[in-house]
Amino acid sequence: MNLKDLQNDWINEFPKPLIIAGPCSAESEAQMMETAQRLKESGAEVPVFRAGIWKPRTKPNGFEGVGVIGLNWLKKVKDEFGFKTATEVANAHHVYAALEADVDILWIGARSTVNPFTVQEIAVALKGTNKPVLVKNPVNPDLALWIGALERLLGQDVKNLGVIHRGFSSYQKTKYRNLPNWQIALDFKHQFPNIPMFVDPSHICGRRDLLSDVTQEAFNVGYEGAMIESHCNPDAAWSDAAQQITPEVLADMLGNLQIRNSDISGFDEEMGKHRALISDIDFQLIELLSNRMKISEKIGALKKENNIAIFQPDRWKVIAEYASARAEESGMDKDFIEKVFKAIHEESIEVQNNIMIDK
């Protein structure tokens, strides 16, 4: 069996979209119970309550979770309020403890996904479980590594799988805590449409004011659910305070989201016309880019002949400033245009470098 053969019927047991919510970290029994009670009373349709029991942190000496005792609080939430429960596991010890506590859904975090040895250890500990296991994307933008983690789980007969898009780390400072890099997630969804995909707007955004927009964007492209951090007192949270929201705010946010219909029947003719136009423009873009790279080859030959360095900072500055100005004039998003021109510039440098090293 391979990933494309999986049915993943487990998600049909839940309402769509499936919302998983709760605090970033379990801090105390009182905090867990209050958050769960308010989630229940808020009217938010949240069938699964999440909480971090073990918290892998970037630096030492920070709060790294309450440990096994928090599993008792999760069980109490389940017993008293009827939620299914979910938590992160990062090694075999976590897996055995979570399974013994009958946690309903487990997830593998981004820091674990990036390490095949860790994923293999977790997969072996989970061998044959019928509990759903969700895999967050690795911290670095590596689609093969993400897919590989799922293949390791399937290799241990773990078949109820899903993935969580939580964004990717970047050295660039942006409005996001982790860059969404939507295309990587959509590439995964294209390859494995049968594997449920959830968005984690809390970790993508790192701040409350962006959560609704990112969640809506995910639902616009057909994600099956979302994992959102909700805390009874977000500002006092022991971890990731800025990205958590109260249960009441969560209920309002969910109530305002639009769930899109994936069925386009009835719009086939009109949609077909628009797609034909896009295909024609895409063809023109490819032709233009091909012609541009041919000119880059000629420039590369001149640079090689005259022993000139490929990268010319002043020229790149002119291109970047021109692109920014044209973006404003045309009403295009400046960040998008900058990404496009950076990609074109990088390819142009690669073309010229190949000419330089060609004997």
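Details of the structure are given in the entry above.
Below, the structure is looked at part by part.

**Regarding the packing of aromatic side chains**
Counted by the stated rule, this structure contains 7 aromatic pairs. Ring plane angle 20° and centroid distance 6.4 Å describe the contact between Trp10 and Phe198, whose orientation is recorded as stacked. Placement of the pair is Trp10 in the segment before strand E1 (18–22) and Phe198 in strand E7 (residues 197–199), with a sequence separation of 188 residues. For the residue pair Trp10 and Phe198, the accessibility class agrees, reading buried in each case. Between Phe49 and Phe83 the ring centres are 5.8 Å apart and the planes differ by 45°, which places this aromatic pair in the tilted class. Pair noted here: Phe49 is in strand E2 (residues 48–50) and Phe83 is in the loop between helix H2 (69–81) and strand E3 (84–88), with a separation of 34 residues, a long-range link. Phe83 matches Phe49 in its accessibility class, with the two residues each being buried. Linked through ring pairs, Trp10, Phe14 and Phe198 together constitute an aromatic cluster. Cation over ring: Lys4 sits above Phe192, and NZ or CZ is 5.9 Å from the ring centre.

**What about the side chain of Gln352?**
Looking at where Gln352 falls in the secondary structure, it is placed in helix H13 (residues 334–357). A relative accessible area of 6% means that Gln352 is categorised as buried. Residues contacting Gln352, with those up to four places away along its chain left out, are Ser296, Ile299, Gly300, Lys303 and Ile310.

**Some thoughts on the nonpolar core**
Of all hydrophobic cores here, the largest spans 72 residues; its most connected members are Leu3, Val46, Phe49, Leu153, Phe188 and Leu250. If one sorts the elements of this core by residue count, helix H6 (residues 143–155) sits on top with 7 residues. If we ignore the near neighbours within four places in the chain, the residues touching Leu153 are Ile108, Ala123, Leu126, Val133, Val135, Val158 and Leu161. Counting residues in each nonpolar core, the second largest holds 13 residues, with Trp10, Val48, Ile164 and Met227 among its members.

**Here's the deal with the side chain of Lys303**
Inspection of the secondary structure puts Lys303 in helix H11 (residues 268–305). Within the structure, the side chain of Lys303 is placed 2.7 Å from the backbone oxygen of Ile310, a separation counted as a polar contact. Dropping the residues within four chain positions of it, Lys303 is found in contact with Ile308, Ala309, Ile310, Gln312, Gln352 and Met356.

What counts and how
- Residues numbered from 1 in each chain as written.
- Predicted model: local features only at pLDDT ≥ 70, side-chain atom pairs only at ≥ 80, totals over all residues.
- Heavy atoms only, no water.
- Phe/Tyr/Trp six-rings, centres within 6.5 Å; stacked < 30°, edge-to-face > 60°.
- Helix = DSSP H or I, 4+ residues; strand = E, 2+ residues; numbered from the N terminus.
- Buried < 20%, exposed > 50% of the residue type's maximum accessible area, 1.4 Å probe, protein only.
- Lys NZ or Arg CZ within 6 Å of the ring centre and 35° of its normal.
- Contact = heavy atoms within 4.5 Å.
- Core = buried A, V, L, I, M, F, W, Y, C linked by side-chain atoms within 4.5 Å.
- Polar contact = N/O pair within 3.5 Å; in protein donor to acceptor, adjacent residues only side chain to side chain.

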